[in-house]
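The lines below spell out each chain.
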Amino acid sequence: MTTPARTGAPTLARTRDQLDQALVPARRAVVMTMGALHAGHLALVREARARAEQVVVTIFVNPLQFGAGEDLDRYPRDLDGDLALLTAADLLGEGDVVFAPTPEVVYPDGDPVVRVSAGVIGTVHEGAVRPGHLDGVLTVVLKLLHLTGPDVALFGRKDVQQLVAVTRMVRDLDVPVEVVGVPTVRDADGLALSSRNAYLSDDERVRALALSRSLAAGRDAAAAGGTPDDVRAATRAVLDAAGVETDDLALVDPTTFADLDGRPAGGTAVLAVAGRVGATRLIDNSDVRWA
Ligand code: PAF
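Residues numbered from 1 in each chain as written. Predicted model: local features only at pLDDT ≥ 70, side-chain atom pairs only at ≥ 80, totals over all residues. Heavy atoms only, no water.

K.L.:
What am I meant to see in the overall build of the protein chain here?
P.N.:
Per the secondary structure count, the protein chain includes nine helices and nine strands. Its C-alpha atoms give the protein chain a radius of gyration of 19 Å, within 12% of the compact-globule value 19 Å for 291 residues. Overall, the C-alpha framework of the protein chain stretches about 55 × 40 × 40 Å when taken along its three principal axes. Out of the 291 residues belonging to the protein chain, those deemed buried represent 52%. For the protein chain, restricting intrachain contacts to residue pairs at least 6 apart in sequence, the fraction spanning at least 24 positions comes to 73%. Total accessible area computed for the protein chain in this model is approximately 13500 Å², and 52% of it derives from carbon and sulfur atoms. One finds the centroid of the 29 positive side-chain charges in the protein chain at a distance of 2 Å from the centroid of its 40 negative side-chain charges. (Helix = DSSP H or I, 4+ residues; strand = E, 2+ residues; numbered from the N terminus. Rg over C-alpha atoms; globule rule 2.2 N^0.38 Å. Buried < 20%, exposed > 50% of the residue type's maximum accessible area, 1.4 Å probe, protein only. Contact = heavy atoms within 4.5 Å. Areas by Shrake-Rupley, 256 points an atom, 1.4 Å probe, with all protein chains shown as cover. Lys, Arg positive; Asp, Glu negative; His and termini not counted. Charge placed at Lys NZ, Arg CZ, Asp CG, Glu CD.)

K.L.:
Sorry if this is basic, but what is going on with the UniProt feature "active site" (unreviewed entry) in the protein chain here?
P.N.:
The positions that UniProt labels "active site" (unreviewed entry) are, in the present scheme, H41. Residue position: H41 is located in helix α2 (residues 39–51). (UniProt positions renumbered as here; feature names shortened; annotations may be inferred.)

K.L.:
Please clarify how unusual backbone geometry should be interpreted in this entry.
P.N.:
Negative phi values dominate among residues other than glycine, just as trans dominates among peptide bonds. Positive phi is not limited to glycine here, since H125 has a value of about 50°. Given a relative accessible area of 12%, H125 falls into the buried group. For D174, which is not glycine, the phi torsion reads 50° and is therefore positive. Within the secondary structure, D174 sits in the loop between α7 (160–172) and β6 (178–182).

K.L.:
Just checking my understanding: could you explain the layout of surface pockets for this structure?
P.N.:
To find the voids left in a structure, one rolls a probe of water-molecule size over its atoms. Roughly 250 Å³ of volume is contained in the second largest pocket. Forming the walls of the second largest pocket are 18 residues, and the residues nearest its centre are I59, F60, V61, R77 and P101. Grouping the constituent residues of the lining of the second largest pocket by class yields twelve nonpolar, two polar and four charged. (1 Å grid on protein atoms, 1.4 Å probe; cavity = no way out; pocket = protein on both sides within 12 Å on 5 of 7 lines; lining within 4 Å. Points joined across faces, edges and corners; volume = space filled by probe spheres on them. Nonpolar A, V, L, I, M, F, W, Y, C, P; charged D, E, K, R; others polar.)

K.L.:
Explain the packing of helix α8 (residues 202–223) against helix α9 (residues 228–241) to me, please; I cannot follow it from the model alone.
P.N.:
Geometrically, a packed helix pair is captured by the angle between its two axes and the distance between the axes. One way to put it is that α8 packs onto α9 with a least axis distance of 8 Å and a crossing angle of 155°. As the angle between them shows, α8 and α9 are arranged roughly antiparallel. Considering only the axes of α8 and α9, their crossing is right-handed. Contacts between α8 and α9 involve A210, L211, R213, S214, A217, G218, A221 and A222 on the former and, on the latter, D230, V231, A234, T235, V238 and L239. (Axes fitted to C-alpha atoms, helices over the stretch in contact; angles between N-to-C directions. Parallel < 35°, antiparallel > 145°, perpendicular 65-115°, else oblique. Left-handed = near helix turned anticlockwise from the far one by under 90°.)

This is how it looks when you write it as structure tokens:
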């Protein structure tokens, strides 16, 4: 089935008032991003389009989720490029909204005194390497959910710990929204799309392929009947051989992010890796199944 071309352009809202005026009483989906959009984000917007009449895409580099010394200042920002990509993809039209606020609009009183805690999910793995990161994510996600009032919110499975934390927040705090995880989009050679791939030199990009290869090695080890430790060892061996400086390697329960000692009760676990290729920190993950 071919989809008819969309008419008109989405409303660009820079303030809360502009956003309020653009929201209409219709089934609404939100895709939250930090900009530097790529095909992975478009997959989220496509899924949003299929699930709602009004689609809101937020573009906001959230200072609260960056730690000291992280890449907040050099994080790529290109609102015009993002709008051009969204227009070219023909996924948004009249009635849809791109909300691109400044930090002053999102945090009018400066850094919030009261924040959301990701609890134990925020202290393990990505949370241990980036203390406070997931609390900063959940705080802005909850604010953006309040501001945009969606029926459904789409998040990429690439940031799997973030997805688990958001899902848990919505459940634990009775936030009236459906959270949907969308599969990771990859280049043909397996590299997971990420805004941070823009930092990689040609050589580093080749080395970065070790992340997806390491996950394949982990999957193979599980399929061959290996223990969780066998899976971790097979994964790490590929990263080490490629000279990736591994920050984190998690083989965890898919709903709690708790480390696995034995085979998972449901037969499926999440294998997640994070590592530095040159100065760039990349993450990737995959489901791992035991027969
Ligand atoms: O995944 C991201 O891009 C960010 O963490 C999010 C969800 C937009 C919150 O700032």
